[in-house]
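# Descriptive analysis of the structure
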Amino acid sequence: MKPILLIFIFSLFFLFSCEKDPTGTKEENAVQSVGAFIVNEGNFGKGNGSLSFYSYRDETIQNDIFKNINGRPLGDTPNSMTIYDSLGFIVVNNSNTIEVISLKTWKSKKTIVLEGGPSPRFLAIVSDDKAYVSNLYANNVAVIDLKTLTLTGATIAVGANPEEIAVAEGKAFVLNSGFGSANTVSVIDISQDRVVATLTVGDNPTSVALDDDGELNVLCTGRWPAWGDTTDTGTNGGVYVIDPGKLTVVDSVTIEGHPSKITYAGGDKAYFLLNGQVVQFSTAENNVINPSFIAGFFYGIEADPIAQLLFVLDAKDYQSNGELKIYDFNGTLQKSLTVGIIPGAVTFVYE
C-alpha cells in the first residue's frame, strides 16, 4: 500500500474517532442538579426567616446562610425564591422586600423595597429584562427591571389577593385567591403589561404547575367554612387545567378537602399536599393516582425532575427548627435534615 494512502486512511480514522457524540447524551453534557435553596418563613412578625442550602455534591445542609454571609437577618416571613441567571430573588413577604443574592457567593446584591406594605408573595421572570411580583394586599402585580434591579413604578391591577404566577405563550397567569373568596386567573400580555383575559377556575387558586404538554395545572384550595358558622361547609378544592394558547379551561377535577402546593415532577406526574399527606396526581388523566403517596403532615413540597427527588418540608411545631425530608419518586425516604423555622418553599439550582 502506498504511503499516501496509509496517511489518508489514518486521517479518516482519527477524524471519526474524535467526533463528538451526535446525540448529546453523554453524562457530561446532561443538565445536573447542583443544590436546593430552602426558604424558611420563620414566625410572622418575628423577623426570624432564614435561608438554607442543600448540596447534591456532598449531601449536606447549610442553615441560615443569608445571615452568616451578609451579617444581617433575611427578614420577616420570606415566602418564595426565584432563580434567574446568576441571581436569586427572595421575596420577603412581611418585610415587603425582595433580596437579590449572588448564587456564587450568596452575598446580597440589592434589596428591592416595595413601599406601602403591599405584601409581596411570588416573583416570576417574564422576559430577559423584566420580572413580575404579585402583591397580596395591593391586588396588583409590580414590574421589576432586571437590568437595574429596581421597580419600574408600573403596576398591573389583577384580581383579589394574587398568589403564584406562571409564564407561558408570552403571557403571565396570575392566580387570584381572594383568601378563599375569589376564583379567577388574570392573564397578562407580557409585551403590553396589561390584563387581556380573566379565566374562571375553582375557589381559592393558590398554586400552579406548567407540565411538559404546555398546560397549566392550577391548584384551587377551596373556600374554608366561615368562622363560627356551623352550617357553612365551605367548598372543595380542585385542579383546573388551562390551555395557555387558547386561554381556556380544558379540564377540571374536584379534590375533596383543601389541597395545597402542587409541583410537577416531569412526564405525567405531579404531587400536591392534602391533609398534610403527599398526593400523587396524573397530569395526563387529570386524576389522583395515589391519595396517600407519602403519609405525614407536611407544610411544603417541591419536585426535582432532573434528580428525580421529592423535597418535602415538615414545619414540626411551627416554633422550632423544621425538617427537610428527601424522597425518591418511588416514595422511599433518602435523607432527613434539620432546616430553619417553618420551611415553606424549595428552589433548585442546576448546571
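Everything below is about the structure shown above.
Everything in this summary refers to the structure shown in the same document. Because the structure is a prediction, the values reported are computed rather than measured. (Residues numbered from 1 in each chain as written. Predicted model: local features only at pLDDT ≥ 70, side-chain atom pairs only at ≥ 80, totals over all residues. Heavy atoms only, no water.)

### What about the side chain of aspartate 189?
Summarising the element assignment, aspartate 189 is placed in strand β14 (residues 184–189). Engagement of the side chain of aspartate 189 in a polar contact is seen with the side chain of glutamine 192, the distance being 3.1 Å. Once residues lying within four places of it in the same chain are set aside, the contact partners of aspartate 189 are Tyr132, Gly170, Lys171, Arg194 and Val196. (Helix = DSSP H or I, 4+ residues; strand = E, 2+ residues; numbered from the N terminus. Polar contact = N/O pair within 3.5 Å; in protein donor to acceptor, adjacent residues only side chain to side chain. Contact = heavy atoms within 4.5 Å.)

### A look at the pattern of salt bridges
As enumerated under the stated definition, the model contains nine salt bridges in all. Among the salt bridges present, the one from aspartate 232 reaches arginine 223, with a minimum N-O distance of 2.8 Å. Classification of aspartate 232 by relative accessible area gives buried; the value is 18%. The class for arginine 223 is partly exposed, based on a relative accessible area of 26%. Lysine 325 is the partner of glutamate 323 in a salt bridge, and the nearest nitrogen-oxygen pair spans 3.4 Å. Each member of the pair glutamate 323 and lysine 325 is classed as buried. Here the salt bridges share partners, and the residues they tie into one network are Asp314, Lys316, Glu323 and Lys325. (Salt bridge = Lys/Arg side-chain N within 4 Å of Asp/Glu carboxyl O. Buried < 20%, exposed > 50% of the residue type's maximum accessible area, 1.4 Å probe, protein only.)

### Considering unusual backbone geometry
Unlike most non-glycine residues, asparagine 161 shows phi in positive territory, near 55°. By the secondary structure assignment, asparagine 161 is in the loop between β11 (150–157) and β12 (162–168). Phi angles above zero are rare outside glycine, and glutamine 308 is one such case at about 55°. Along the chain, glutamine 308 turns up in the loop between β24 (300–304) and β25 (309–314).

### What to know about the environment of aspartate 213
Following the sequence through the fold, aspartate 213 ends up in the loop between β16 (205–210) and β17 (216–220). Spatially, the C-alpha atoms of aspartate 213 and alanine 284 are 8.8 Å apart, while their sequence positions differ by 71 residues.

### Quick look at the sheet that holds strand β4 (residues 78–84)
Read across the sheet, four strands follow the order β4-β5-β6-β7 without closing on themselves; strand pairing throughout is antiparallel. Whereas interior strands pair on both sides, the edge strands pair on one side only; in this sheet they are β4 and β7 (108–113). Direction aside, the axes of adjacent strands within the sheet are offset by 20° on average. With five bridges connecting them, strand β6 (residues 97–102) and β7 associate as antiparallel partners. What sits directly across from isoleucine 98, in β7, is isoleucine 112. (Pairing = 2+ DSSP bridges. Axes fitted to C-alpha atoms, helices over the stretch in contact; angles between N-to-C directions.)

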